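# Notes for the structure review
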Amino acid sequence: MEDTSTRSEPESPSEESADPPDDPEAPDTEPAEDGSRVTDGTPEAEPASTDADGAPGDEDDIEALRERVESEYDFDDFGPSDMAQMSAEEWDAAFDPDTWITGDRLLDRVDAELKSRIATRDVFGVLERVREDGEERILVYSDEGYAIIRPTGEVRGEGTVLRDIEPVVALAAMDSYEVPEPPEDWSLPHPDSVPEGSGEFGNLVIQAVAGIQVLAGVALLVATAATDLDTIVAPAMGIVFLLVGVFLFAMVANARLSDRFRSEEYRDRLRALREAKERPEFVPVEDGLVTGEDGATTDPDRDE
């Protein structure tokens, strides 16, 4: 007999869940702590990114700035005025701190450079070796200031000496800079041995030219008066020659007076240093040791 009972339709399969089933063989793609995705325990490589400070464009800018500084400044004749003109960016581009010379080698190079400059009168001062905190220092002082140079390249002091010494230390710290060999007699000269002036040969040449100009002018004026020339050219040229000759004689006289004045001023400063017998009171050095602001020595060996 036919079964006429109603059978329920087979249950439809359950709806698939939104999340895929966990597959033990599927690779793990959980994000790592640093933001990269990890596959099979290995972080995926991220695109290479360049830091703003280390961007190739910035390196090119620094290199271009360094080339401009090297072409604009003469580091063989680098002085305080050049140092004052340089900006902080130009200074960092020109002097790489990683290549600076320090320690005893720096002191030796500064010592040789200063001796050469003292011998050529580019620096006026007395050079000594002193000690501070058990280490050697270089002391340079005059009647207008002092400077103390440490092996690290740090310079402290006051006055015109400090202004003259800072660029010297900067140059000596550069490995590419060749320090000249100082002469044997590099120290400050005796006041009586300082000549009245320099460049006397040039003054003599200018005097000879001035004399020729004056003679030519007088000759033209005399010739005009004696021959009764009916022209204005000759007397005019005679007056011009006379004026040029007088101007050249005046220039020579002014140069000689200036040289004499500078020489006398230089001798007076030398006499002041010699007559003092001791360092000026503003120099913080006593018995070869650098003292602090309170006058106490800073050498541990001596304190023991």
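Everything below is about the structure shown above.
Residues numbered from 1 in each chain as written. Predicted model: local features only at pLDDT ≥ 70, side-chain atom pairs only at ≥ 80, totals over all residues. Heavy atoms only, no water.

Each helix and strand in the protein was counted, giving 8 helices and 8 strands. By sequence separation, contacts in the protein at least 24 residues apart represent 57% of the contacts at least 6 residues apart. Surface exposure of the protein reaches about 20600 Å², of which carbon and sulfur atoms provide 51%. (Helix = DSSP H or I, 4+ residues; strand = E, 2+ residues; numbered from the N terminus. Contact = heavy atoms within 4.5 Å. Areas by Shrake-Rupley, 256 points an atom, 1.4 Å probe, with all protein chains shown as cover.)

Okay, the pairing of strand 3 (residues 126–132) next. Of the strand pairs in this sheet, strand 3 and strand 4 (residues 135–142) are connected by 7 bridges, and their pairing is antiparallel. Bridging across to strand 4, V126 finds its partner in Y141. Remark: 2 residues form the turn of the hairpin made by strand 3 and strand 4, two consecutive strands paired antiparallel; D133 in that turn has positive phi of roughly 55°. (Pairing = 2+ DSSP bridges.)

Taken together, the side chains of F201, V205 and V209 define a hydrophobic patch exposed on the protein surface, amounting to about 300 Å² of accessible area. Within the fold, V205 resides in helix 6 (residues 200–227). Residue classification places V205 among the partly exposed residues on the basis of a relative accessible area of 40%. (Patch = residues over 30% accessible without salt bridge, like charges linked within 9 Å, V, L, I, M, F, W, Y side chains within 5 Å. Salt bridge = Lys/Arg side-chain N within 4 Å of Asp/Glu carboxyl O. Buried < 20%, exposed > 50% of the residue type's maximum accessible area, 1.4 Å probe, protein only.)

This part covers the environment of A119. Checked against the element boundaries, A119 lands in helix 4 (residues 104–119). With a relative accessible area of 32%, A119 lands in the partly exposed category. A119 sits 65 residues away from E184 along the chain, and the two C-alpha atoms are 9.4 Å apart. Those residues in contact with A119 that sit more than four places away from it in its chain are P183 and W186.

Membership of the largest hydrophobic core comes to 34 residues, with the highest contact counts inside it found for V110, L114, I138, L139, I149 and I165. Contributing elements (two or more residues each) for this core: helix 4, strand 3, strand 4, strand 5 (145–149), helix 5 (159–172) and helix 7 (233–276). At 6 residues, the largest contribution of residues to this core is made by helix 5. Ignoring sequence-local partners within four residues, the contact set of L139 consists of V126, L127, E128, V130, Y146, A147, I148, R279, V283 and V285. (Core = buried A, V, L, I, M, F, W, Y, C linked by side-chain atoms within 4.5 Å.)

A separate point is helix 4. Compared with the 22 Å implied by 1.5 Å per residue over 16 residues, the 23 Å span of helix 4 between its first and last C-alpha is a close match. Most of helix 4 sits inside the fold, with 12 of its 16 residues counted as buried. Structurally, helix 4 contributes buried residues whose contacts are with strand 3, strand 4, strand 5 and helix 5. Trailing helix 4 by a residue or two, R121 shows a phi angle of about 65°, which is positive. (Expected span 1.5 Å × (residues − 1).)

Time to look at the packing of aromatic side chains. Applying the stated criterion across every chain yields a total of 1 aromatic pair. The interplanar angle of 70° and the centroid separation of 5.5 Å between the aromatic rings of F124 and Y266 together place this pair among those described as edge-to-face. Taken together, the residues span a long stretch of sequence, with F124 in the loop between helix 4 and strand 3 and Y266 in helix 7 at a distance of 142 residues. We note that F124, like Y266, is buried. Across the ring face of F124, the terminal group of R269 is positioned such that the distance to the ring centre comes to 4.0 Å. (Phe/Tyr/Trp six-rings, centres within 6.5 Å; stacked < 30°, edge-to-face > 60°. Lys NZ or Arg CZ within 6 Å of the ring centre and 35° of its normal.)

Take it as geometry only, folks, not as evidence of what the structure does.
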